[in-house]
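Remarks on the overall topology
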Amino acid sequence: MTDLRMPEKKPELLAPAGTLLALIAGVENGADAIYLGASRFNARAYAGNFSDDEIQIGMDFAHAFGKKIFVTLNTLFRDDELDDVMKLFFELYERGVDAVILQDLGFLNLLQKCPDIPIELHASTQMTVHNSYHASFLKGKGISRIVPARENTLSELSSIKESGIEIETFIHGALCICYSGQCLFSGTVGGRSGNRGQCAQPCRKKYTLAADGRNMATDGKYLISPRDLNASEELHQLIDIGVDSFKIEGRMKKSEYVAGVVSVYRKIIDRYISLDRNFDSKRKEKGQAVRQSAGPTAGKTAGPTKEEKEILKKLFNRDFTSGYFVKNPKNELMSRRLPYNKGILIGKVTAIDPDREQISVLLSASLSSQDGISVGDVGRETDFSKDPRQGFLVKKMYVSRKIVNLANDGETANIIAPVLFSGDEEDFPKIGDFVYKTSDFNLQKEIQKTLPEMQEEDIRAGIKNANLNSKSEPEKTKAIMEWIEKLAPPIPIQIPIHISCEIRVGVPIKIAAKDEDGNEIQIESEYIVQPAQKNPFSKEQAEDILSKPASPIYSVLSAAVDLTGDCFVPVGVLKETRNKALMELLSARVGRSRPDQQSVLETQAVFFQKIEYENQTQNANQNANQTQNANQNANQINLELSGRSLEKPLLLTVSAYTKEDVKGALAAGADRIYVGGDIFSDPLTGENYGLSPDDIRELILEIDPQDVEKIWLKTSFVTKEEDFDVLYKTLFEFSGLGISGILASNPGVYYFVQTKLNEKFNIGTDGAFNIFNARAAEMMSDEGASFITLSSELSIKDIAALSENLKMRGKYADANLECIVHGRGRLMVTEHPLLETLLKDKEKENEKVRHKNDRCLEDQKIFRYTLADSKDFVFPVLADTHGRTFIFNSKELNAYDLLPKLKKSGITAFRIDGVGHTPDEIKELVTRYKKEIERIESQVEILETGNDSEESKDGAEFTRGNFIRGVY
């Protein structure tokens, strides 16, 4: 049995839980903390998630064993949802949650209004923290821990750690191919936003790569489907750089998976820490794989054992990758042939017998009856989503004509498999097909020992029927404590306790119990001890009863009995009193994690008073605005007669990628132009597309000096630690060239410019900030943002609500809001060099593409490379000079006819993203949009509606994006 006592501080092991059973699995197998989602507002809407009663029981179960609970509130929220989110937050506070994991800056803004709540605020990986400046920005907003982007290296994590914030890294489980929090693929294509917990996983679908319209051969069709992360080999290095928490992904996984993975990582961490004790803390070789110690642990590995590696593979794998910790894994990141659980290769089919519905398999690993296996070739072509293999449970097999429950490596097992022969003959297994073990019966059997004997559906039904909210507080507490004991597995982790008893004639039995964490209780029995007529109760009898509690969750370290005189004590009475004492102690352990009810009420009151004050101010502002608007309307009429207006002028902005783009946009009347940032590069020809700092210097000399102030420098979408020295030098130089400002690509860049060069530049925020509500916009307005680019997942209705809330809050009424209205929407940015890895081994085909490219460059064709899905939607792909991959929408956004509605909703700047367009096309687009803006401002009746054509200049169909439908 595992003891809860920890001899020294270790890195936290954080386990996922999509259900209460998974939570118990994590606790029982060594997790220090569990993260889970409530029934709403979390990034795994399709996980089991927890009812209110399940959260309370789960939270108390974890706290009873000294574990922590983190609840995910890590999605983006609309304005009309924030009140409910805050109500849920206070409910979690009352229940005793240790931390909340969040993504939304607006939610964080609200939480800053109640700073005294003793709940840690953790920044989700959905916040895309990939540099120390972003970490510092969030630390200043009350965040105590961040989950950095999975794309960070060990060196980058170390730099982030130096910012003085805790870091929590994913070490195992499914990976997103895109930088988390920046994937717009699912929301744009199907309306199911990954930023709202509704991801449809387009990365797990089949795609065909094409170059210049010609399909390219690739090794597999799941071109953007990554393997599962497995950092068990790198764990010691992560410990050495000071990572505070190791996080396992898997809120959609079964409890057996959670149990098995947590158990393996618990052993690896503990083993490494124990090895470390025999070493000088300033060892010369930091993080070596094997400790060269002369002590009892000499020669032991710091990484996983062979058996542990096998367990991780058996539990679930799409093949494994160690991710980006040490280097860019390139092809080793991807699982392009199969996006499902691959299992472990255990043999090949050597014969088939359709009449007997039997296959013969030469085994390269053992196989047991009740194991799950899949038969087939993972490279075989199938329809869009079907696993090319067929899976089933082994129920009967023979070795040398004898029925066996176990077949060993090297033996030929004849397996009865009717399912393999139930379809068309062409789908029958074939000689040479591979056989994979996808579930291991014996491993599952061992894992089950760490889980409750109750089934998941019985647990849920039982808790639902218990109806905790209908009970009085004492009854509710008693019921929860009973559930904690009931949910313990047959061999649970244990709570070390000391128990003592005082027995004297004429007084109640007194029992005191305490744990190792300072919790202590004392109770008395209702029974009054009577004098013994014969066979007095002995001290040894009492000690034996106290030492053997009814529930296995307690480990009695000592049992002391003070018995005076000849006493008569019914055994049942002493046991009942003992059980009551332990229940009281359990309640005390749980209760220490819950805040004082008065504190909860006072904190809630203070928060809502602040909100009420803001609402009153809003109402006053609204009344004042109405009066002001009436006056303005009168003035407006007079001003319009003279050709002037009181309204804030609408701006047209452009993202440009060549000097000619900029000149064309300026000639057509663009008000603000963003240049620089990401520079794209053809992986075959080396041709670049984008404006480098040298290009921008030349541009400034070539354009009219009066136009220089219209130029804003855009920073790279991804800004790693090593990029900031170059960025500083570039910005410092450009500050003297007349450039107006910076379009910050992420909060790290914003914080850097604000703290290092604030007096030299205006700063605007780009779409990656995920501004989804007014509270988020307020935060960046308070930071001094000149303008705020809204999330492209907002509908016009959402934008109107956001804008209205800003106007009602007085000082934010003049906030400048920008949105992209035309261009190819960015769907994904991934650190993975997709084009480089797919094209590098196809020299013959690549030569043809190089040759064909000569003509394409003459035509200014930028989108040479594309991914096509099963429905023949074609998504352009670009690679930047770092090899990063940018995937764009198959349809071009065109909100030309929505400009009046967008203006009415509160937008003051409309952006055209010129990526993929020629300078002439950009000039034409700017001219067209500029005329429409002038028409809107002059309030001239619409004479022309719709678009000139149903297709854009680069051949794409048009879309209105999410402006009309929004996202789920």
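No experiment lies behind these values; they were computed from the predicted model shown. (Residues numbered from 1 in each chain as written. Predicted model: local features only at pLDDT ≥ 70, side-chain atom pairs only at ≥ 80, totals over all residues. Heavy atoms only, no water.)

**Focus: the overall build of the protein chain**
A tally of helices and strands in the protein chain yields 26 helices and 42 strands. With 968 residues in all, the protein chain has 57% of them scored as buried. For the protein chain, restricting intrachain contacts to residue pairs at least 6 apart in sequence, the fraction spanning at least 24 positions comes to 73%. Per element, the accessible surface of the protein chain, about 41,000 Å² overall, is 47% carbon and sulfur. (Helix = DSSP H or I, 4+ residues; strand = E, 2+ residues; numbered from the N terminus. Buried < 20%, exposed > 50% of the residue type's maximum accessible area, 1.4 Å probe, protein only. Contact = heavy atoms within 4.5 Å. Areas by Shrake-Rupley, 256 points an atom, 1.4 Å probe, with all protein chains shown as cover.)

**Overview of the sheet that holds strand E24 (residues 508-515)**
Either a parallel or an antiparallel arrangement is found when strands of a sheet pair, and the pairing is made through backbone hydrogen bonds. The strand order across the open sheet built from four strands is E25-E24-E23-E27, with neighbouring strands paired in mixed fashion. The two strands at the open ends of the sheet, each matched to only one other strand, are strand E25 (520-528) and strand E27 (554-564). Shown here is a sheet whose adjacent strand axes are inclined to one another by a mean of 15°, direction ignored. Pairing of strand E23 (residues 495-504) with E24, which is carried by six bridges, proceeds in the antiparallel orientation. Its bridge partner lying in E24, Ile 497 is registered against Asp 515. (Pairing = 2+ DSSP bridges. Axes fitted to C-alpha atoms, helices over the stretch in contact; angles between N-to-C directions.)

**Considering the sheet that holds strand E22 (residues 434-439)**
With antiparallel pairing, the eight strands of this open sheet are ordered in space as E17-E16-E22-E13-E14-E21-E18-E19. This sheet does not close on itself; its edge strands, each paired only once, are strand E17 (390-393) and strand E19 (402-403). Examined bridge by bridge, strand E16 (residues 372-376) and E17 share four bridges and lie antiparallel to one another. When the bridges of E17 are listed, Val 375 appears paired with Gln 390.

**Focus on the nonpolar core**
If you look at the biggest cluster of nonpolar residues, it comprises 245 residues, and the most contacted ones within it are Leu 23 and Leu 902. With 12 residues, the top contributor of residues to this core is helix H9 (residues 255-276). What Leu 23 contacts, discounting residues up to four positions off in sequence, is Ala 17, Ile 34, Leu 36, Phe 50, Gly 58, Phe 61 and Ile 69. Membership of the second largest hydrophobic core comes to 22 residues, among which are Val 399, Val 404, Ala 417 and Phe 428. (Core = buried A, V, L, I, M, F, W, Y, C linked by side-chain atoms within 4.5 Å.)

**What to know about the pattern of salt bridges**
Pairing between side chains of opposite charge can happen when their charged atoms approach one another. Taken as a whole, this structure holds 54 salt bridges when the rule is applied. For the salt bridge of Glu 166 with Arg 145, the shortest nitrogen-to-oxygen distance reads 3.0 Å. Of this pair, Glu 166 sits in strand E7 (residues 166-174) while Arg 145 sits in strand E6 (residues 145-146), and the two are 21 residues apart along the sequence. The salt bridge involving Glu 818 is made with Arg 672; its shortest N-O contact spans 2.8 Å. In this pair, Glu 818 is assigned in strand E37 (residues 817-830) and Arg 672 in strand E30 (residues 672-675), connecting sequence segments 146 residues apart. (Salt bridge = Lys/Arg side-chain N within 4 Å of Asp/Glu carboxyl O.)

**Overview of unusual backbone geometry**
For Thr 128, which is not glycine, the phi dihedral falls at a positive 55°. Here Thr 128 lies in the loop between strand E5 (120-123) and helix H5 (132-139). Located in the positive-phi region is Asp 319, a residue other than glycine, with phi close to 75°. Its place among the elements puts Asp 319 in the loop between helix H10 (306-315) and strand E12 (320-321). Residue classification places Asp 319 among the partly exposed positions, given a relative accessible area of 26%.

**A few points about the packing of aromatic side chains**
How two aromatic rings sit relative to each other is set out by the distance from centre to centre and by the angle between their planes. This structure, assessed with the given rule, holds 29 aromatic pairs. Ring pairing ties together the aromatic residues Phe 41, Phe 77, Phe 89, Phe 90, Phe 107, Phe 607 and Phe 608, which thus form one cluster. A cation over an aromatic ring shows up here: Arg 150 above the ring of Phe 170, its NZ or CZ 4.0 Å from the ring centre. The ring of Tyr 896 is capped by Arg 928, whose NZ or CZ atom sits 3.9 Å from the centre of that ring. (Phe/Tyr/Trp six-rings, centres within 6.5 Å; stacked < 30°, edge-to-face > 60°. Lys NZ or Arg CZ within 6 Å of the ring centre and 35° of its normal.)

**Overview of the pairing of E7**
Counted residue by residue, E7 has eight buried out of nine residues, so it is predominantly covered. Alignment of E6 against E7, held across two bridges, turns out to be parallel. Looking at the pairing, Ile 146 lines up with Ile 167 of E7. Tracing the backbone out of E6, into helix H6 (residues 154-161) and back to the parallel element E7 gives a crossover that is right-handed. Inspection of the sheet shows E7 paired to strand E11 (residues 245-248) by four bridges, in the parallel sense. (Right-handed = clockwise from strand over helix to strand, strands pointing away.)

**A look at the environment of Glu 660**
Following the sequence through the fold, Glu 660 ends up in helix H17 (residues 659-667). Placed 262 residues apart in sequence, Glu 660 and Ile 922 show a C-alpha to C-alpha distance of 9.5 Å.

**Quick look at the side chain of Lys 714**
Residue placement: Lys 714 occurs in strand E33 (residues 711-714). Filtering out sequence-adjacent residues up to four positions away, Lys 714 remains in contact with Ser 655, Tyr 657, Tyr 674, Val 675, Gly 676, Gly 677, Leu 743 and Asp 766.

**Describing the packing of H5 against helix H20 (residues 747-757)**
The N-to-C vectors of H5 and H20 enclose an angle of 80°; their axes lie 7 Å apart at closest approach. Comparing their axes, H20 and H5 come out roughly perpendicular. Seen from H5, the contacting residues are Tyr 133, His 134, Ser 136 and Phe 137; seen from H20, they are Pro 747, Gly 748, Tyr 751, Phe 752 and Lys 756. Grouping the amino acids of the contact of H5 with H20 by side-chain chemistry returns five nonpolar, three polar and one charged. (Parallel < 35°, antiparallel > 145°, perpendicular 65-115°, else oblique. Nonpolar A, V, L, I, M, F, W, Y, C, P; charged D, E, K, R; others polar.)

**A few points about the confidence of the model for the protein chain**
Looking at the protein chain as a whole, the pLDDT averages 90, with 88% of positions reaching at least 70. Counting contacts from residues 278-299, a segment whose pLDDT is below 50, to residues more than four positions away or on other chains yields 33 contacts. (pLDDT = per-residue confidence, 0-100.)

**A few points about the pairing of strand E3 (residues 68-73)**
Of all six residues in E3, five are buried, a share of seventy percent or more. As judged from the five bridges shared by strand E2 (residues 33-37) and E3, these two strands associate in the parallel manner. The partner of Tyr 35 across the bridge, within E3, is Phe 70. In this structure, E3 lies alongside strand E4 (residues 99-102), joined through four bridges in parallel fashion. Each residue of the ladder has a partner; that of Leu 73, found in E4, is Leu 102.

**Examining the packing of helix H21 (residues 774-782) against helix H22 (residues 796-808)**
Between H21 and H22, the least distance of the axes is 9 Å, while the angle of their chain directions is 50°. Comparing their axes, H22 and H21 come out oblique. Seen along the crossing, H21 lies across H22 with a hand that is right-handed. Two secondary-structure elements touch here, H21 through Ala 774, Ala 777 and Glu 778 and H22 through Leu 802, Asn 805 and Leu 806. (Left-handed = near helix turned anticlockwise from the far one by under 90°.)

**Examining the environment of Leu 574**
For Leu 574, the location among the structural elements is in helix H15 (residues 571-591). Taking C-alpha positions, Leu 574 is 7.8 Å from Ala 542, a pair spaced 32 residues apart along the chain. Discounting residues that sit within four places of it in the chain, Leu 574 has contacts with Cys 501, Ile 509, Ile 511, Phe 537, Ala 542, Ile 545 and Val 569.

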